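Tertiary structure, described
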Amino acid sequence: MPKASDTLWDLAIAEVEKRENPDDDGKRVEVWEKSILFMGNKNGRKYSDFSDLPEIHLFFEMGKDTRVNCRSANPFSVGKTTIILRCLEREEISKPTLALEYTFGRRARRHNTPKDIAHFWELGGGTSLLELIRIPISSNNIRSFAVVLVLDLSKPNELWTTMEKLLQVTRNHMNKILTKLEKTNPEVATEIKQRMWNNLQRDHPDYELLDPFPIPLVIIGSKYDIFHEFDSEMRKIISKTLRFVSHYYGASLVFTSKSEALLLKARVLINHLAFGYDKSKSVSVDHSKPLFIPAGLDSLSQIGPPPASDSDIGKMHANTPLELWKKVFEKTFPPKSFCDLQDTKDPAQDLQYVEYEVDIMRAQKNQELEQYKRNASKSWKEMDFDSD
């Protein structure tokens, strides 16, 4: 009921809120608000579709000696940014992510209801900017937070290291938040710990063998178009390993590429986290096809043992099933050396931050600095010191 003291502006605000936020009884409807952090491999330069270049054959380097035709192999497949844009139904050309980027989307559950909000954070730089994870995930929003880990299937030698580093740092940060909540708000801490098991029924045969991630987790294997060209045994090892890791952490797993059908499956999982859409109950575990396994719908018996001989497994010293799978995987796909995997710490040396005019000036100043150092060194050597 309007008050006599209400201004025209007060009445306008009240009318807008009434139109946007009523339910069937005219009461205010609670808005669904979720947050998702996307992280994964550091991608190089991204390209848009090449269909507008019909007469030009484009190539890219893949390894030392292989050159692949971009048109046929479609190597510049979907990455974190592209997945976010597709989920938000935005027709934009994806660009390299600068450190930590944010966007959001809004959706209405039904006609004439307030729109739910989903906050999308994207961590760039692969594993080089892990300290930024603590910015989007806090004690205030951990109850409504989820993580999407995008792994490049075309780089199996980087896969385990990237996955391990990103999940470990994220989990350590969340454990610190939970420890703090246990003291300040124990009810919330208990709720989060109980929800970790929501995707797994208590009568599931693997219930006591798994270690669910503290918050909902989706693992996306990108660049399936390149991965599909791998040797069948290599594909099987990678697929079984990712199935085990996803199941062990209580995560969903999906393989995707620029194919609209595969992107749709990824969108289904993400829209469930972001806007509460219905979960898909379909499952695809055939290693010769793109995997799609919602959380809780796999099992260790279906996955099978690690892809190695009994004699090889017997020689591996592992304290946990996860450690055993890691050793088996890295026996086939040895991780790159630390120097190879270490991302550039200095943004000025990172190719995705190239600025022609700035770089030219920087190069000039670097030359002047080196010349100054040489002159100073020469002058120092020519100085005549008195000896006592």
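Quick caveat: nothing in here was measured; it's all calculated off a predicted structure.

Describing the overall build of the chain
For the chain, the count of helices and strands is 13 helices and 9 strands. Every one of the 388 residues in the chain was classed for burial, and the buried ones make up 41%. Intrachain contacts of the chain at a sequence separation of at least 6 include 69% that bridge at least 24 residues.

Considerations on the pattern of salt bridges
If you walk through the whole model with that rule in mind, you get 7 salt bridges. Between Lys223 and Asp152 there is a salt bridge, with its nearest N and O atoms 3.2 Å apart. Of this pair, Lys223 sits in the loop between β7 (217-222) and α6 (224-227) while Asp152 is found in strand β6 (residues 145-152), placing the two residues 71 residues apart along the sequence. Where Arg195 meets Glu191, a salt bridge forms, and the shortest distance between an N and an O atom there is 3.2 Å. Of this pair, Arg195 and Glu191 both sit in helix α5 (residues 186-195), 4 residues apart, which is roughly one turn of the helix. Owing to a relative accessible area of 29%, Arg195 belongs among the partly exposed residues under this scheme. One network of salt bridges, in which partners are shared, links Arg143, Glu191 and Arg195.

Some thoughts on the environment of Gln194
For Gln194, the location among the structural elements is in helix α5. Sequence separation between Gln194 and Pro214 is 20 residues, and the spatial gap between their C-alpha atoms is 9.3 Å.

Some remarks on the packing of helix α7 (residues 232-248) against helix α11 (residues 321-332)
For the pair α7 and α11, interaxial distance at closest approach is 11 Å and the crossing angle is 160°. By the angle class used here, α7 and α11 are roughly antiparallel. Regarding α7 and α11, the two cross each other, and that crossing is left-handed. Mapping the contact onto sequence places Ile237, Ile238, Lys240, Thr241, Phe244, Val245 and Tyr248 in α7 and Pro321, Leu322, Trp325, Phe329 and Thr332 in α11.

Points about α11
Compared with the 16 Å implied by 1.5 Å per residue over 12 residues, the 17 Å span of α11 between its first and last C-alpha is a close match. Within α11, the full set of buried residues consists of Leu322, Leu324, Trp325, Val328 and Phe329. One face of α11 carries all of its buried residues, which in axial projection span an arc of 160°. The inward-facing, buried residues of α11 contact α4 (156-184), α7, α9 (300-303) and α10 (310-315).

Some points on the pairing of strand β1 (residues 33-40)
The element β1 is largely enclosed, with a buried count of 6 among its 8 residues. Where β1 meets strand β5 (residues 115-123), 6 bridges bridge the pair, whose relative direction is parallel. Along β5, the bridge assignment pairs Leu37 with Trp121.

Looking at the sheet that holds β5
Taken in spatial order, the 7 strands make up an open sheet running β4-β5-β1-β6-β7-β8-β9, and their pairing is mixed. The open sheet has two edge strands with one neighbour each: β4 (100-108) and β9 (292-293). Relative to strand β8 (residues 252-255), β7 is paired through 4 bridges, and the arrangement is parallel. Bridge pairing in β8 links Gly221 to Phe255.

The rules behind the values
- Residues numbered from 1 in each chain as written.
- Predicted model: local features only at pLDDT ≥ 70, side-chain atom pairs only at ≥ 80, totals over all residues.
- Heavy atoms only, no water.
- Helix = DSSP H or I, 4+ residues; strand = E, 2+ residues; numbered from the N terminus.
- Buried < 20%, exposed > 50% of the residue type's maximum accessible area, 1.4 Å probe, protein only.
- Contact = heavy atoms within 4.5 Å.
- Salt bridge = Lys/Arg side-chain N within 4 Å of Asp/Glu carboxyl O.
- Axes fitted to C-alpha atoms, helices over the stretch in contact; angles between N-to-C directions.
- Parallel < 35°, antiparallel > 145°, perpendicular 65-115°, else oblique.
- Left-handed = near helix turned anticlockwise from the far one by under 90°.
- Expected span 1.5 Å × (residues − 1).
- Arc of directions from axis to C-beta.
- Pairing = 2+ DSSP bridges.

Interpretation note: all reported values are geometric properties and have no functional meaning in isolation.
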